[in-house]
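A look at the structure
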2 protein chains.
Amino acid sequence: MIHKLIEKIQKTGAPIVVGLDPMLKYVPQHLQRKAYAEYGETLQGAAEAIWLFNKEIIDAIYDLVPAVKPQIAMYEQFGVEGLLVFQKTVAYCKEKGLIVIGDVKRGDIGSTSEAYAIGHLGKVQVGNNFCRGFDEDFITVNPYLGSDGVAPFIKVCKEEKKGIFVLVKTSNPSSGEFQDCMMRSRAAAGAVGADSGSFVDRPLYEAVGEKVAEWGADCMGDAYSYVGAVVGATYPEQGKALRKIMPKAFILVPGYGAQGGKGADLVHFFNEDGLGAIVNSSRGIIAAYQQSAYEKYGEEHFAEASRAAVIAMKEDIADALANR
Amino acid sequence: MIHKLIEKIQKTGAPIVVGLDPMLKYVPQHLQRKAYAEYGETLQGAAEAIWLFNKEIIDAIYDLVPAVKPQIAMYEQFGVEGLLVFQKTVAYCKEKGLIVIGDVKRGDIGSTSEAYAIGHLGKVQVGNNFCRGFDEDFITVNPYLGSDGVAPFIKVCKEEKKGIFVLVKTSNPSSGEFQDCMMRSRAAAGAVGADSGSFVDRPLYEAVGEKVAEWGADCMGDAYSYVGAVVGATYPEQGKALRKIMPKAFILVPGYGAQGGKGADLVHFFNEDGLGAIVNSSRGIIAAYQQSAYEKYGEEHFAEASRAAVIAMKEDIADALANR
């Protein structure tokens, strides 16, 4: 799947993923009215409104970008009804040729991570059949439980030729609280610039980044691994350091646009080959019609506003990469 | 809800939570046959088998324990069909008077954590209605993203008088990989036993434990907070240290039984008042009939074996607490 992602990035010229993170406040009134008329002001009605919204956006942008990233929390807030629409959205995007990164941030002890891996990337045995649950192409994974909590995801990725993005340095303001903790570890014997037995101080996210490189070494595509990383656009300096620590990991970069990240901040997340990163924008694309730059489209034409926002983002990133 | 949990622990004399983590290999053949006869060897058939299994266990143990902890991954592996049974299980347990701890380990940036908090503990506004998704009483939360990723869960807990258990030190073998990292931080000015400006080294899980105490101070029940912690039974020494760092946090203790934790390892997780901890066993209870100690019950009477295993666990923990 990492091959397919790279191929589609090269074909579209857009290292961009559209975050399908719908909230009801983004959904135009006419769609909400239509959904509630059919299903009432219920979880089912809300889920239908979200589906109508997603479908129109997907139809408007699928030829411009390689991938989408539905954030499962935005569906889970509507319970099982919402998750039905998550599933429907994943399937529809794949039908349109888009790669689907399920932003699920799952992670647990080994046997439990295995169940998540099966449900989102793999297949489960029922009697003599093998059945698929959500069936995304990639998912995001939380590393707090350590290697044995991540290993089952990697195992399923190898079987299915799919991939994961491990949270390394997240885009939110308080991500540094634990992720930036300066850690002491003993320098490896014979390490360059360090006496054997001396201490090295480095932030936790770098230690996680090293693990990502290590996990990924064992499941390589051609130039890049099945094991990627999440590093927020809001932390460009850390992105620069992590790019070197994990040269063969694709970096999924959230935080562009609404969260404050700009094209120029992103150049160091890419390798010299112009690859190695894919930048996400959610609100900035799907709720573009609510922003002054795109309000001329009007609520009825929200999906055209989303298309225009994707084109602008594509230019911003291409310019930044051309001028680095 | 923390009041209700304590009240029920005192009433049952059992600081025990039964982990409803069903896997198909635990489900007796006669239940699988029945479910597949009706729905085929499909996700729906698997989900029905799990439901039949859960219901019989719940009916056999609901009067003995205060709480259950369904692990959502075990349902999510069967996609939406599995999550329907998760929802049904939560509702049925509440109907039987059990407190439900959803073991979901969610955690994300602020706006996304809010959606998870709403879906699992709160209610979502749809038009003029407020609707509930999964509606557990407590959930588990992953802290890797820091305070702003945890805050929305606490906000909803305050509104709903519910609670969370934050992952501090997990029970799995590689939990130490990141959680035990020795961190450097500058000692607070005037701190006892430390010069102002000097450094203090401590493991990451202690820093997370301190945050749990800090977050919890703001939402206290009587003696205990709405914000609890997860600390694995497999790490008794760390549990002892964390008990002191977070005296008012209830500790959810996984890892008893199948993962290797014993009653005697658990005493330091409790406070002097005999409260402050609740010990989980999953496989050891729900798949008791597959263990030599309970095989005399036979597959048909699996739920009676589970009841016997709960009684044995209750005695083991009561003995350990009496002899500490």
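One can find the structure itself at the top, above this paragraph.
Residues numbered from 1 in each chain as written. Chains lettered and ligands numbered in written order. Predicted model: local features only at pLDDT ≥ 70, side-chain atom pairs only at ≥ 80, totals over all residues. Heavy atoms only, no water.

1. Thoughts on the overall build of chain A
To keep it simple, the criterion reads: What counts as a helix is a DSSP run of H or I of at least four residues, what counts as a strand is a run of E of at least two, and both are numbered from the N terminus. For the radius of gyration, the atom set is restricted to C-alpha positions; the globular benchmark scales as 2.2 Å times the number of residues to the power 0.38. The contact criterion used throughout is that any non-hydrogen atoms of two residues lie within 4.5 Å. The protein chains shown are the only cover counted for residues, whose accessible areas, like all others here, come from Shrake-Rupley with a 1.4 Å probe.
Helix and strand counts for chain A stand at twelve helices and twelve strands. The C-alpha radius of gyration computed for chain A amounts to 20 Å, which stays within 12% of the reference 20 Å derived for 324 residues, consistent with globular compactness. By principal-axis analysis of the C-alpha atoms, chain A measures approximately 70 × 55 × 35 Å. Contacts in chain A between residues far apart in sequence, at least 24 positions, make up 71% of those at least 6 positions apart. When the accessible surface of chain A is split by element, carbon and sulfur atoms take 50% of a total near 11,700 Å².

2. Some thoughts on the state of the cysteines
Two cysteines joined by a covalent bond between their sulfur atoms form a disulfide. Spelled out, the test is: Cysteine sulfurs are considered disulfide-paired once they come within 2.5 Å of each other.
All chains considered together, the criterion is met by zero disulfides over all chains. The thiol sulfur of Cys93 of chain A is not disulfide-bonded, and the nearest other cysteine sulfur, from Cys157 of chain A, lies at 19 Å.

3. Digging into the sheet that holds strand β10 (residues 227-231) of chain A
Residue and element names in this part refer to chain A. The cut-off we apply is this: What makes two strands pair is DSSP finding at least two bridges between them. Convention adopted: a line fitted to C-alpha atoms gives each axis, helices being fitted over their contacting stretch, and angles between N-to-C directions are expressed from 0 to 180 degrees.
Ordered in space as β1-β2-β3-β6-β7-β10-β11-β12, the eight strands form a closed barrel in which the pairing is parallel. Between one strand axis and the next, the sheet turns through 30° on average, direction left out of account. Across five bridges, the pairing between strand β7 (residues 163-169) and β10 is parallel. Bridge pairing links Lys169 to Val231 in β10.

4. What to know about the pattern of salt bridges
This is how it is decided: Salt bridge criterion: a side-chain nitrogen from Lys or Arg within 4 Å of a carboxyl oxygen from Asp or Glu. Partly exposed describes any residue whose relative accessible area lies between the buried limit of under 20% and the exposed limit of over 50%, with all areas from a 1.4 Å probe on protein chains only and scaled to the type maximum.
Applying the stated rule across the entire model yields 36 salt bridges over all chains. Across the pair Asp108 of chain A and Lys105 of chain B runs a salt bridge whose closest N-O atoms are separated by 2.9 Å. Placement of the pair is Asp108 of chain A in the loop between β3 (99-106) and α6 (110-120) and Lys105 of chain B in strand β3 (residues 99-106), with the two residues belonging to separate chains. Pair check on accessibility: Asp108 of chain A and Lys105 of chain B agree, each one buried. Residues Lys162 of chain A and Asp135 of chain A are paired through a salt bridge, measuring 2.7 Å at the closest nitrogen-oxygen approach. In this pair, Lys162 of chain A sits in the loop between α7 (147-160) and β7 while Asp135 of chain A sits in the loop between β5 (129-131) and β6 (138-141), placing the two residues 27 residues apart along the sequence. Exposure class is identical for Lys162 of chain A and Asp135 of chain A. Each is buried. A cluster of three or more residues bridged by salt bridges with shared partners is formed by Lys94, Lys123, Arg132, Asp135, Glu160 and Lys162 of chain A.

5. Here's the deal with the packing of aromatic side chains
Residue and element names in this part refer to chain A. Rule in force here: In this analysis, rings of Phe, Tyr and Trp, with Trp reduced to its six-membered ring, are considered paired at centre separations within 6.5 Å, and the interplanar angle assigns stacked below 30 degrees, edge-to-face beyond 60, and tilted for intermediate values. Placement of a charge over a ring requires the Lys NZ or Arg CZ to be within 6 Å of the ring centre, with the centre-to-atom vector within 35 degrees of the ring normal.
Considering all chains together, one arrives at 14 aromatic pairs over all chains under this definition. Ring geometry for Tyr75 against Phe86: centres 5.4 Å apart, planes inclined by 65°, an arrangement best described as edge-to-face. With a gap of eleven residues between them, Tyr75 in helix α4 (residues 73-76) and Phe86 in helix α5 (residues 79-95) connect regions that are remote in the sequence. Here Tyr75 matches Phe86 in class, with each residue buried. By the ring-pair criterion, three or more aromatic residues cluster together here, those being Phe53, Tyr289 and Phe302. Residue placement shows Lys96 over the ring face of Tyr62; its charged tip is 4.3 Å from the ring centre. Here Lys169 stacks its cationic end above the ring of Tyr235, 4.0 Å away from the centre of that ring.

6. Some points on the sheet that holds strand β10 (residues 227-231) of chain B
Residue and element names in this part refer to chain B. Reading around the circumference, β1-β2-β3-β6-β7-β10-β11-β12 is the order of the eight strands in this closed barrel, with parallel pairing throughout. Strand-to-strand twist in this sheet, taken as the mean axis angle between neighbours without regard to direction, amounts to 30°. Bridge analysis of strand β2 (residues 67-70) against β3 gives two bridges, and the strand direction is parallel. Directly across from Val68, in β3, lies its bridge partner Val100. Packing against the sheet, helix α9 (residues 204-217) makes contact with β7 (163-169) and β10, and its axis sits at approximately 160° to β7. Seen against the sheet, helix α12 (residues 302-322) touches β1 (16-20) and β12 (277-281) and runs at an angle of roughly 145° to β1.

Coordinates in, geometry out; function isn't part of it.
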